[in-house]
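Take a look at the letters that make up each chain.
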Protein chains: 2
Amino acid sequence: MNNIIQELRAKRNWSQMELANRLDVSRQTINALERGRYDPSLPLAFKIARVFGLAIEEIFVPDATE
Amino acid sequence: MNNIIQELRAKRNWSQMELANRLDVSRQTINALERGRYDPSLPLAFKIARVFGLAIEEIFVPDATE
DNA sequence: CTTCTATGTAAAGTATGCTTTACATCGTCG
DNA sequence: CGACGATGTAAAGCATACTTTACATAGAAG
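These figures come from a predicted structure and were not determined experimentally.

**Looking at the relation of the copies chain B and chain A**
Part 1 of the reasoning: Taken as rigid bodies, chain B and chain A are interconverted by a rotation of 180° and an axial shift of 0.0 Å, the fit giving an RMSD of 0.0 Å. Both chain copies can therefore be described as sitting about a two-fold axis.
Part 2 of the reasoning: When you check the interface residues of chain B against chain A, 100% turn up at the interface there too, and the contact is symmetric in its surfaces.

**Points about the interface of chain B and chain A**
Part 1 of the reasoning: In this complex, chain B contributes 15 residues to the contact, which on the side of chain A involves 15 residues.
Part 2 of the reasoning: Buried area between chain B and chain A, summed over both chains or domains, comes out near 1400 Å², and the portion from carbon and sulfur atoms is 73%.
Part 3 of the reasoning: The interface formed by chain B and chain A includes 0 salt bridges.
Part 4 of the reasoning: At the level of elements, helix H4 (42–52) and helix H5 (56–59) of chain B are the ones that each hand at least two residues to the side of chain B that touches chain A.
Part 5 of the reasoning: Ranked by residues supplied to the side of chain B that touches chain A, first place goes to H4 of chain B with 6 residues.

**Here we look at the protein's contact with DNA strand D**
Part 1 of the reasoning: In the vicinity of DNA strand D, 18 residues are found, and the nearest of them are Thr29 and Tyr38 of chain A together with Gln16, Asn31 and Arg35 of chain B.
Part 2 of the reasoning: Within the backbone of Asp39 of chain A, one N or O atom sits 3.2 Å away from a phosphate oxygen of DNA strand D.
Part 3 of the reasoning: Residue Arg35 of chain B places a side-chain N or O atom 2.5 Å away from a phosphate oxygen belonging to DNA strand D.
Part 4 of the reasoning: The set of elements that each furnish at least two residues to the surface near DNA strand D consists of helix H3 (27–34) of chain A together with helix H3 (27–34) of chain B.
Part 5 of the reasoning: Broken down by class, the residue content of the surface near DNA strand D amounts to 4 nonpolar, 8 polar and 6 charged.

**Quick notes on unusual backbone geometry**
Residue and element names in this part refer to chain A.
Part 1 of the reasoning: In the Ramachandran plot, Asn13 falls in the positive-phi region, its phi being about 55° despite a non-glycine side chain.
Part 2 of the reasoning: Here Asn13 is to be found in the loop between helix H1 (5–11) and helix H2 (16–23).
Part 3 of the reasoning: A residue is classified by how much of its surface remains accessible, and Asn13, at 71% relative accessible area, is exposed.

Analysis parameters
- Residues numbered from 1 in each chain as written.
- Chains lettered and ligands numbered in written order.
- Predicted model: local features only at pLDDT ≥ 70, side-chain atom pairs only at ≥ 80, totals over all residues.
- Heavy atoms only, no water.
- Least-squares fit on C-alpha atoms with pLDDT ≥ 70 in both.
- Contact = heavy atoms within 4.5 Å.
- Buried area = accessible area lost by both parts, 1.4 Å probe.
- Salt bridge = Lys/Arg side-chain N within 4 Å of Asp/Glu carboxyl O.
- Helix = DSSP H or I, 4+ residues; strand = E, 2+ residues; numbered from the N terminus.
- Near = heavy atom within 4 Å.
- Polar contact = N/O pair within 3.5 Å; in protein donor to acceptor, adjacent residues only side chain to side chain.
- Nonpolar A, V, L, I, M, F, W, Y, C, P; charged D, E, K, R; others polar.
- Buried < 20%, exposed > 50% of the residue type's maximum accessible area, 1.4 Å probe, protein only.

Take a look at the structure:
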């Protein structure tokens, strides 16, 4: 699963810490998501979409196999 | 998180087993999702949306707190 | 050069998602 | 009645998501 979190965050000039605070997760979680270490839970994906004012499908892109 | 999986499945006259097969998960997983025991992973949520031809946001509804 | 902010990463622990095996109940159909 | 398909549930085990603590590196700014 790919995502454009880093790009969306950069547009807003938010640090990973700033975004983490807005989402109520740790900075390490944001870092892991941006670096593709794992996918967020569905509830967190909803929060991320809400923070950026986008649909989940506009932020996350499953690979071919998913 | 609420979802309308059961309703969508019923419309298509699919058993839990039939849907599980289409999604490559166990029947117990479908049952647990319909009964609200837990939320799917994000990759599974994408698959579910694809099977029903809907957006994730049309199937899953976060509670007020999420 | 030192300090500060931002980022990357690791290890250990807890919580959640999903599997397999197994068993119970219910309705339908022979 | 007996068999069968569909559904609900439980326990044990493995994989993934997320946390806290901690340390490293790089760039900007004093």
